[in-house]
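Residues per chain are reported as follows:
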Amino acid sequence: MPKKSVASALHLGASVRLSSRGVARLQGRHPWVYRSDIVEAKDVLPGATVRVLDSRGKFLGTALYSSSSQIAIRMISHGSVADLPALVAERIRAAIAYRKELVRNTDAYRIVFSEADFLPGLIVDRYNDVVTLQILTQAMDAAPVREAVLQTLREELQPAGIVERVDARIRELEQLPPLSSRLLWGEKSSTVIHMNGGHMNGGHMNGGHMSGRMTSGDESNAVRFHYDGFEGQKTGGFLDQRENYAAAAVYAHGEALDAFCYQGGFALHLATKCASVTGVDSSRPALEMAEKNALLNGRDLEWIEGNAFDLLREYAAGNRRYDTIVLDPPAFAKTKRDLEKALGGYKELNLRALKLLRPGGILVTCSCSFHVGASEFLGVVADAARDAHKSLRLVENRGAAKDHPILLNVPETSYLQCLILIVSD
Ligand code: SAH
């Protein structure tokens, strides 16, 4: 199989023809065309770089082909591509340059976000001196492309270790041979990261600038987290919430509750401002890591293993009150079909939290369901406020951190909502 991918990645002659609906998608600058819109793909190998044509044979650009995904092609260029590994290397360098401009106060952030960085099927994250990558498509799995990715990351970032995190389910769906997560280069797979250091003391951490070797810059006020390349959910941390952690800390006060706290991302930032912080999560390993993170920061927080829905109801019934509550549940709507149920779930959760908040309290409420749009999420929180008979003032309407770019024509790149509200009672 790997041999076949090597050959296919370098085989540039193959072409696919699209239906008019497929052509319309590309003209709207969405990079995906579904299999049902491919009218001809003769002798195209898995992972091939293909020339894309309309039904009359007019050249539209170059795409990466998958023989198994419903998303049959992902555009990589609107021109010709003679050397895919070289193009991938160039795009990685551009993605790094973009972060150099826009990412501040952290040594942990996403370096490449797949389609949003014009590199469909590739995700790269930096965790201080450890870099992780994830390969999600046949084309990106080809040996020459992998080699270009590794070499570029090594040259540009000079990390102490590069870890490949394997999503076994995705490899199976892409009909790629199974692999285990492993160190691809260097020796280091775990480290300590620093977030929002400069923000809290009003300065800038140098860690955001990756010139030369990776340095962490001014870490004195940063919130620290342990990172292990072989543990945790997603790529291990929720980097997309990084700027929202700092924003939440600006308003947080009093007694705080971080429902769905995972390894303590919000909780540890709240602890810089609040008298007490309780984190709730249903995952024991996540809470064990959260406690280690608390120790690392010299903080004393309370962690509760349990179902946040039940706990919020119990607390409301027991007349418990909080000044700050963060809600960051897992995606309720994984598919469009789940939408109604998901909206109901978000409403219920927000309603329970609102019942617990004192006047002047802060609600930080998030949705990472792509299928729940920004206006729908606002609507659901407004419904909860109506049912709770409370007035909510929206102070910040936020999304993912800038290292998770949003392409307006690719709605899938915009999936995270984070609202910060004050209960005016
Ligand atoms: N706020 C976190 C990310 C949360 S991800 C951060 O910024 O790092 C969602 C978390 O919800 C996961 O840690 C998962 O273990 C937890 N979870 C899922 N269902 C839950 C439930 N019913 N009650 C409490 N926690 C739950």
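Residues numbered from 1 in each chain as written. Predicted model: local features only at pLDDT ≥ 70, side-chain atom pairs only at ≥ 80, totals over all residues. Heavy atoms only, no water.

*Asks:* Which residues make up the domain arrangement of the chain, and what values do they have?
*Replies:* Taken as a whole, the chain is organised into domain 1 (3-77), domain 2 (84-195) and domain 3 (238-424). Counting residues at the interface gives 18 residues for domain 2 and 12 residues for domain 3. When the two sides are added together, the surface that domain 2 and domain 3 hide from each other amounts to roughly 1300 Å², 74% of it contributed by carbon and sulfur. Of all residues in domain 2, the largest losses of buried area upon contact with domain 3 belong to Phe-113, Ala-116 and Met-195, amounting jointly to 39% of the total for that side. (Domains from an automatic or database assignment. Contact = heavy atoms within 4.5 Å. Buried area = accessible area lost by both parts, 1.4 Å probe.)

*Asks:* Go over the pairing of strand β20 (residues 417-423) with me, naming the residues and quoting the values.
*Replies:* Summarising burial for β20: 6 of the 7 residues are buried, a large majority. Bridging between strand β18 (residues 357-367) and β20 involves 6 bridges; their strand directions are antiparallel. Paired with Leu-363 across the strands is Leu-421, a residue of β20. Bridge analysis of strand β19 (residues 392-398) against β20 gives 6 bridges, and the strand direction is antiparallel. (Buried < 20%, exposed > 50% of the residue type's maximum accessible area, 1.4 Å probe, protein only. Helix = DSSP H or I, 4+ residues; strand = E, 2+ residues; numbered from the N terminus. Pairing = 2+ DSSP bridges.)

*Asks:* Now, about helix α5 (residues 143-157): what can you tell me, with residues and values included?
*Replies:* With 15 residues, α5 extends 21 Å between its outermost C-alpha atoms, agreeing within 8% with the 21 Å of an ideal straight helix rising 1.5 Å per residue. Taken together, the buried positions of α5 are Val-145, Arg-146, Ala-148, Val-149, Leu-150, Thr-152, Leu-153 and Leu-157. Just downstream of α5 lies Gln-158, where phi reads positive at about 45°. (Expected span 1.5 Å × (residues − 1).)

*Asks:* Give me the lowdown on the sheet that holds strand β9 (residues 130-135), citing residues and values where you can.
*Replies:* Within a sheet, adjacent strands bond to each other through the backbone by hydrogen bonds, running parallel or antiparallel. The mixed open sheet is built from 5 strands, whose spatial order is β7-β8-β9-β10-β11. At either margin of the open sheet sits one strand with a lone partner, and together these are β7 (108-113) and β11 (182-186). For this sheet the average axis-to-axis angle between neighbouring strands, irrespective of direction, equals 20°. Across the face of the sheet, helix α3 (residues 84-102) comes into contact with β7 and β8 (122-127) while running at roughly 145° to β7. (Axes fitted to C-alpha atoms, helices over the stretch in contact; angles between N-to-C directions.)

*Asks:* Give me the lowdown on the confidence of the model for the chain, citing residues and values where you can.
*Replies:* Keep in mind that low pLDDT regions are not for reading the predicted coordinates in detail. Looking at the chain as a whole, its pLDDT mean stands at 91, while 91% of the residues score no less than 70. Predicted confidence for residues 1-10 stays below pLDDT 50, and this span has 16 contacts to residues more than four positions away or in other chains. Here residues 199-217 is a poorly scored stretch, pLDDT under 50, and it has 62 contacts once near neighbours within four places are set aside; other chains count. (pLDDT = per-residue confidence, 0-100.)

*Asks:* So, the layout of surface pockets: which residues are in play, and what are the values?
*Replies:* Estimated volume of the second largest pocket: approximately 270 Å³. If you go around the second largest pocket, you meet 15 residues; those closest to its centre are Arg-29, Pro-31, His-78, Phe-118 and Leu-407. Sort the elements by how many residues they give to the lining of the second largest pocket and strand β6 (residues 71-77) lands first, with 3 residues. Classifying every residue of the lining of the second largest pocket by side-chain character gives 8 nonpolar, 4 polar and 3 charged. (1 Å grid on protein atoms, 1.4 Å probe; cavity = no way out; pocket = protein on both sides within 12 Å on 5 of 7 lines; lining within 4 Å. Points joined across faces, edges and corners; volume = space filled by probe spheres on them. Nonpolar A, V, L, I, M, F, W, Y, C, P; charged D, E, K, R; others polar.)

*Asks:* I'd love a proper account of the environment of Arg-35, names of residues and values included.
*Replies:* When you line up the elements, Arg-35 lands in the loop between β2 (32-34) and β3 (38-40). It is 27 Å that separates the C-alpha atoms of Arg-35 and Leu-133, two residues lying 98 residues apart in sequence. Look past the residues within four positions of Arg-35 in its chain and what remains in contact with it is Tyr-65, Ser-66, Ser-67, Ser-68, Ser-69, Gln-70 and Ala-72. Looking at Arg-35, its side chain comes within polar contact range of the side chain of Tyr-65, at 3.1 Å. Within the local environment of Arg-35, its side chain forms a polar contact with the backbone oxygen of Ser-66, the two atoms lying 2.6 Å apart. (Polar contact = N/O pair within 3.5 Å; in protein donor to acceptor, adjacent residues only side chain to side chain.)

*Asks:* For the site of the ligand, give the residues involved together with the corresponding values.
*Replies:* Near the ligand lie 15 residues; those nearest to it are Tyr-245, Asp-281, Ser-282, Ala-308 and Asp-328. Taking Gly-306, its main chain carries an N or O atom lying 3.5 Å from a nitrogen atom of the ligand. Protein burial of the ligand: of its 580 Å² of free accessible surface, 88% is covered by the chains. Across the shell around the ligand, the residue classes break down as 8 nonpolar, 5 polar and 2 charged. (Near = heavy atom within 4 Å. Areas by Shrake-Rupley, 256 points an atom, 1.4 Å probe, with all protein chains shown as cover.)

*Asks:* Describe the packing of aromatic side chains, listing the residues and the values that go with them.
*Replies:* Here the structure, examined in full by the defined rule, presents 9 aromatic pairs. Geometrically, the ring pair formed by Phe-238 and Tyr-262 is edge-to-face, given 4.8 Å between the ring centres and 90° between the ring planes. Residue Phe-238 is found in the loop between β13 (223-228) and α8 (242-251), and its partner Tyr-262 is found in the loop between β14 (255-259) and α9 (265-270); the two are separated by 24 residues along the sequence. Residue Tyr-262 is classed as buried on the basis of its relative accessible area of 11%. Ring centres 4.5 Å apart and planes at 40° place the aromatic pair Phe-332 and Tyr-346 in the tilted group. Pair noted here: Phe-332 is in the loop between β17 (322-327) and α12 (339-356) and Tyr-346 is in helix α12, with a separation of 14 residues, a long-range link. Ring pairs connect the aromatic residues Phe-260, Phe-309, Phe-332, Tyr-346 and Phe-377, which therefore count as one cluster. Looking at Arg-110, its charged tip hangs above the ring of Phe-113, at a distance of 4.8 Å from the centre. Sitting above the plane of the Tyr-315 ring, Arg-320 keeps its charged end 4.1 Å from the centroid. (Phe/Tyr/Trp six-rings, centres within 6.5 Å; stacked < 30°, edge-to-face > 60°. Lys NZ or Arg CZ within 6 Å of the ring centre and 35° of its normal.)

*Asks:* Lay out the sheet that holds β3 in plain terms, naming residues and giving numbers.
*Replies:* The mixed open sheet is built from 6 strands, whose spatial order is β2-β6-β5-β4-β1-β3. Among the strands making up the open sheet, the edge pair consists of β2 and β3. When strand polarity is set aside, the average angle formed by the axes of neighbouring strands in this sheet is 40°. Here strand β4 (residues 49-53) runs beside strand β5 (residues 59-65); their pairing, made up of 5 bridges, is antiparallel. Bridging from a neighbouring strand, Thr-49 pairs with Leu-64 of β5. Sitting on the sheet, α3 is in contact with β4, β5 and β6, with an inclination near 70° to β6.

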